[in-house]
Structure formats: C-alpha cells, structure tokens
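Each chain, letter by letter, is given below.
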Amino acid sequence: MSNQLMKKAANIAQLRSIARSRIPGFVYDYLSAGCNDDLAVKNNRKALDKVYLQPQYLTRSGPAQLAVDILGRSYNAPFGVAPLGLSGLIWPGASEYQARAAKSANIPFILSTVASISIERAAECAEDCFWFQLYPPTDKNMLHDLMRRAVVAECKHLVVTIDVPSLGIRPRDIRNGLTVPPKLTLGSFWQILTRPSWALAMARHGTPEFETIKPYLKSAGNMAELSDFIRKTLKDIVDVDLLQQIRNQWPHKLIVKGISGTEDAELAIQVGADAIIVSNHGGRQLDASIPPVELIAAIKNKIGQKVPVMADGGVESGVDIARFLSRGADMVFSGRAMMYGVAALGEVGAGYAIELLREELNQVMGQLGCEYPNAMVDHSVNRGS
Ligand SMILES: Cc1cc2nc3c(=O)[nH]c(=O)nc-3n(C[C@H](O)[C@H](O)[C@H](O)COP(=O)(O)O)c2cc1C
C-alpha cells in the first residue's frame, strides 16, 4: 500500500474524517445518517462490536487467500461495493471511480438505479464486475426496458431491493431541505463556500443527474421534475408476484437485497433467487430493525447451502468483514465506508478504501490462521453480551 496514502489516512475512520472536512454538511448528513433516531445505524455498529473472533495459534495453516468463487465467477476478495443512490452529489464522478476501482480490484460493484451514472457507463467502467441494483418501477414498460438495457450492457447480476416499501424518514435530510441541485439557503451556501474542493469538482462536472432514469422522462426535464418522477415511479412494492415476474424475465443471476428474516429468505429462494443479501439498508429504512450480522446464522440454519448468503450493514473495517464472514456470510458489501474513500481522496480514494479493507481482512485471517474466507466460519466465535 502507498506510504503517502497511509500517512493521510491509515483506516476508514480517518478517511471518514477527511471526507467530512471536504464535503458540505448536508452532503455528509445524506451519506452518514440513518432514519428516525439513527438507532439502526448505531445498532449495526453495536452488533458488530459484539462479535468476537477466536484464534487458534497452535494450529498451522497456509497464508491467507482472499479470493472467492461465487455465483459462477471468481473474485479477488469476499467483499464488494454496495449500491448508493445520488452518488454524484457525494462526490462528482463517485460511481465511475468506484466502478473502475472495483474492476481493478476484481470485486463486485453494484450500481444503484438512482446513482448518477447510467447502466451503460457503469458497465463500461466495471466490465464483468458490474452488478445492477433495481428499484422496480410501477411502469412495466420501464421495468422491462431497464432489464433489457442491463442485458444489452452484459450485466450478469441483477440485485432487486425489497426493503423500501415506504420511504425512510431521515430527519437530517428533512432539516437540511436536501434537494438536487442543492437549494441555496444561507446555511447550504455557507457549507458549500467552506468546502471549495467539492464546489470546484461540482462546478467542473455539472449538477449530478439520475442518468439511468433520464431517458424515461417525457420532456428534457429539469432536476426537480426528475426527482419528482423518481419519487412517483420507482416505488413498486416488491412482493412475491413481482419478484416472480422479474425472475421470469431476467436471464442471469438474480439477487434479492434487503432480506431481514428467514421467511423472506425462503420466499426469495422459492421464487428462484440465486443469492440473497441480508441487509437493513444501512439503517436507513426501519430504525427498529435487527442488525444484519445478527440474522445471518439463523438464515443459514434455515436455508442451508441452497444459495449464497451475502450481507451488509455497518462495515467500517476489514475486522468487520471478518465478523460477517465468521457468522456465515459468503460475501459482504460496504456502502458508506467505500464512499468515504472517494469523498476524502477522489478517484484514488475509491481504490484505497478497497485496499485498506483488503489489507485489514488479510491481517485478521492471518491472525486467526484462516487460509480461506469460508474457514472463518469454522473458527470458534464468542459473542459478547
Ligand atoms: C447514502 C446511501 C444511499 C443508498 N442508496 C441505495 C440505493 O439506491 N439502493 C439500495 O439498494 N441501497 C441503497 N443504500 C443502502 C446500501 O446499498 C447498503 O445496504 C448500506 O449502505 C450498507 O450499510 P453501510 O453503509 O453501513 O455499509 C444506500 C445507502 C446509503 C448510505
């Protein structure tokens, strides 16, 4: 790893603090906050802290190898980049940077339906590491067209998010009056003024747009119109019937994201999902949700080895990824931590956040004497109270 970068930030927490000093307060709030009283975000953290890992120092093993085979393909590490909407507001070009960094690290990159670059652009940048996250639109033509575009772009993994049947209540965004483009109140003007590198990057790139969705607007449309369109259109409730329709049409791997219990896991598998992501949307939807890391073991017990069980929620280090793996996750995703890298250091930070997580995970696996990621689960794990 580059010494120069290590001196700037030696872990994700340090990246986050640089990020905070580089992006306006209302943008940091958008990225970091959860819903309601932020309890789910805090509980994701607390639950991870309760997972203890137990080494067996006297049993020899080979050096750690992070590569995993999952859903018919090999990746260089058991973690990937989670989908984040409105990515261009956090840092202009963020999704392109992340997509390219994921490709070069050979890990999955999931593009959100409402990210700031299009399916086609993400596919160019991430190539065969590109996964597309779908919020199914109520308009069936648009739904079919989004899937058609993903197929044409040679996307082989469709991630359907099921955990947004109603919009999360995010008090910080409400107080900040978060809009795209940012509405210039005295407060936001001051916040932008004091973050000149973000303001300059934004001026160079122009206002972030929802590029994947733009073609469906009847008129050229301004951002306010587009945001309104998204609110009204991308809101279909994903039940078994809709999931089945999507399964019937989607020719490649189908992953269901937002699984919060064994019943949904079983239903998703019955419908034909190839994998599930246990997730509480980073604590942005239901403040009283159960932290994903606490759900994995029960879900694995129930469904056995039928499909890979992936997970996200609260990852701030390679140690956290190890914790998820030790509970049985086959692949782990990170949302905010990855984005703190970009907000702190721009394009170089996208790759650097991945490198940091990789190095830390490698160290933990070495410490535990685990040669492969799936060996983590065999390790005795104590859970703190
Ligand atoms: C700012 C922000 C935007 C998000 N946008 C989406 C989205 O568009 N689609 C989606 O499926 N999940 C979205 N998520 C949830 C993430 O994909 C992921 O589940 C969550 O961030 C994982 O938690 P972590 O940030 O603690 O790693 C978003 C999360 C954040 C923080």
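Everything that follows concerns the structure shown earlier in this document.
So, how was this worked out
Residues numbered from 1 in each chain as written. Predicted model: local features only at pLDDT ≥ 70, side-chain atom pairs only at ≥ 80, totals over all residues. Heavy atoms only, no water. 1 Å grid on protein atoms, 1.4 Å probe; cavity = no way out; pocket = protein on both sides within 12 Å on 5 of 7 lines; lining within 4 Å. Points joined across faces, edges and corners; volume = space filled by probe spheres on them. Nonpolar A, V, L, I, M, F, W, Y, C, P; charged D, E, K, R; others polar. Phe/Tyr/Trp six-rings, centres within 6.5 Å; stacked < 30°, edge-to-face > 60°. Patch = residues over 30% accessible without salt bridge, like charges linked within 9 Å, V, L, I, M, F, W, Y side chains within 5 Å. Areas by Shrake-Rupley, 256 points an atom, 1.4 Å probe, with all protein chains shown as cover. Salt bridge = Lys/Arg side-chain N within 4 Å of Asp/Glu carboxyl O. Helix = DSSP H or I, 4+ residues; strand = E, 2+ residues; numbered from the N terminus. Buried < 20%, exposed > 50% of the residue type's maximum accessible area, 1.4 Å probe, protein only. Pairing = 2+ DSSP bridges. Right-handed = clockwise from strand over helix to strand, strands pointing away. Near = heavy atom within 4 Å. Polar contact = N/O pair within 3.5 Å; in protein donor to acceptor, adjacent residues only side chain to side chain. Axes fitted to C-alpha atoms, helices over the stretch in contact; angles between N-to-C directions. Parallel < 35°, antiparallel > 145°, perpendicular 65-115°, else oblique. Left-handed = near helix turned anticlockwise from the far one by under 90°. Contact = heavy atoms within 4.5 Å. Arc of directions from axis to C-beta. Disulfide = S-S within 2.5 Å. Core = buried A, V, L, I, M, F, W, Y, C linked by side-chain atoms within 4.5 Å.

Student: Teacher, can you tell me more about the layout of surface pockets here?
Tutor: By rolling a water-sized probe across the atoms, one finds the places where empty space is left. Of the volumes computed, that of the second largest pocket is approximately 340 Å³. Lining the second largest pocket we find 16 residues, and of these Val68, Asp69, Asp330, Pro373 and Asn374 sit closest to its centre. Classifying every residue of the lining of the second largest pocket by side-chain character gives nine nonpolar, four polar and three charged.

Student: Can you help me understand the packing of aromatic side chains in this one?
Tutor: Two numbers describe a pair of aromatic rings. These are the distance of the centres and the angle of the planes. What the rule picks out here adds up to four aromatic pairs. By the ring-pair criterion, three or more aromatic residues cluster together here, those being Tyr75, Trp131 and Phe333.

Student: What is the right way to look at a nonpolar patch on the surface in this model?
Tutor: Taken together, the side chains of Phe189, Trp190 and Leu193 make up a nonpolar region of the molecular surface, amounting to roughly 360 Å² of accessible area. You can see Phe189 is positioned in helix 10 (residues 186–193). We classify Phe189 as partly exposed; its relative accessible area is 41%.

Student: Sorry if this is basic, but what is going on with the pairing of strand 11 (residues 331–334) here?
Tutor: Two faces, one strand: in a regular strand the side chains alternate between the faces of the sheet. Of the two faces of strand 11, the one carrying Met331 and Phe333 and the one carrying Val332 and Ser334 are both buried. Judged from the three bridges that link them, strand 4 (residues 79–81) and strand 11 form a sheet pairing that is parallel. Bridge pairing links Val81 to Ser334 in strand 11. Since strand 10 (residues 309–312) and strand 11 lie parallel, the crossover through helix 16 (residues 318–326) that links them has a hand, and here it is right-handed.

Student: Help me out: how do you make sense of the site of the ligand in this one?
Tutor: Every one of the 22 residues lining the ligand counts as a neighbour, but Pro83, Ser112, Thr161, Asp312 and Gly314 are closest to it. Within the backbone of Gly314, one N or O atom sits 2.8 Å away from an oxygen atom of the ligand. Expressed as a share of its isolated accessible area of 610 Å², the protein-covered part of the ligand is 97%. Taken together, the residues of the shell around the ligand break down into seven nonpolar, eleven polar and four charged.

Student: Please explain the packing of helix 14 (residues 262–271) against helix 15 (residues 292–303) as it appears in this structure.
Tutor: Packed helix pairs are characterised by how far apart their axes lie and by the angle those axes make with each other. It is the contact of helix 14 with helix 15, at a shortest axis distance of 9 Å, that shows an interaxial angle of 45°. With respect to their mutual orientation, helix 14 and helix 15 come out oblique. In this structure, helix 14 meets helix 15 at a crossing whose hand is right-handed. Contacts from Thr262, Ala265, Glu266 and Ile269 in helix 14 reach Ala298, Ile299, Lys302 and Ile303 in helix 15. Class assignment of the residues belonging to the contact of helix 14 with helix 15 gives a composition of five nonpolar, one polar and two charged.

Student: Teacher, can you tell me more about helix 2 (residues 12–22) here?
Tutor: Residues three or four positions apart in an α-helix share a direction because the helix packs 3.6 residues into each turn. Within helix 2, burial applies to Ile12, Leu15, Ile18 and Ala19. All buried residues of helix 2 fall inside an arc of 120° around its axis, so they share one side. Looking at the buried side of helix 2, the elements it contacts are helix 1 (3–8), helix 17 (336–345) and helix 18 (347–368). Of the residues flanking the start of helix 2, the one acting as N-cap is Asn11, its side-chain oxygen 3.3 Å from the backbone nitrogen of Ala13.

Student: Whenever I open this one, the state of the cysteines confuses me. Can you help?
Tutor: Linking two cysteines covalently via their sulfur atoms produces the bond known as a disulfide. Within the structure shown, the criterion is met by zero disulfides. We note that Cys155 lacks a disulfide partner, and the nearest cysteine sulfur, in Cys129, lies 12 Å from it. Residue Cys155 is classed as buried on the basis of its relative accessible area, which comes to 0%.

Student: What's the story with the environment of Val151 in this structure? I'm lost.
Tutor: Within the secondary structure, Val151 is located in helix 8 (residues 140–152). The partly exposed category is assigned to Val151, whose relative accessible area is 33%.

Student: Help me understand the pairing of strand 6 (residues 130–134) in this model?
Tutor: Burial analysis of strand 6 places five of its five residues in the buried class, the great majority of the element. Neither face of strand 6 is exposed, since Phe130, Phe132 and Leu134 on one face and Trp131 and Gln133 on the opposite face are all buried. Note: strand 5 (residues 109–111) against strand 6, three bridges, orientation parallel. Paired with Ile110 across the strands is Trp131, a residue of strand 6. Taking the sense of rotation as the criterion, the β-α-β connection linking strand 5, helix 7 (residues 119–126) and strand 6 turns out right-handed. As judged from the three bridges shared by strand 6 and strand 7 (residues 157–161), these two strands associate in the parallel manner. By the bridge assignment for strand 7, Gln133 is matched with Val159. For the crossover that starts at strand 6, traverses helix 8 and ends in the parallel strand 7, the hand is right-handed.

Student: Looking at this structure, I do not really get the nonpolar core. What am I missing?
Tutor: Within soluble globular proteins, side chains that are nonpolar tend to cluster in buried spots. Among the nonpolar cores identified, the biggest contains 116 residues, and Leu15, Phe79 and Phe130 are the most heavily contacted of them. Tallying contributions element by element places helix 18 first for this core, with ten residues. Every residue in contact with Leu15, bar those within four places of it in the chain, is listed here: Ala9, Tyr340, Gly341, Ala344, Leu345, Tyr352, Ala353 and Leu356. Residues Leu71, Ala275, Met310 and Met331 belong to the second largest nonpolar core, which totals 14 residues.

Student: Whenever I open this one, the environment of Ser112 confuses me. Can you help?
Tutor: Among the structural elements, Ser112 can be located in the loop between strand 5 and helix 7. On the basis of relative accessibility, which here comes to 3%, the residue Ser112 falls in the buried class. Spatially, the C-alpha atom of Ser112 lies 22 Å from that of Pro171, the residues being 59 residues apart in sequence. In contact with Ser112, other than residues within four places in its own chain, are Pro83, Leu84, Gly85, Phe132 and Gln133. Among the polar contacts listed, one links the side chain of Ser112 to the backbone nitrogen of Val114, at a separation of 2.9 Å. Separated by 3.4 Å, the side chains of Ser112 and Gln133 make a polar contact.

Read these as layout, nothing more, since geometry by itself doesn't imply function.
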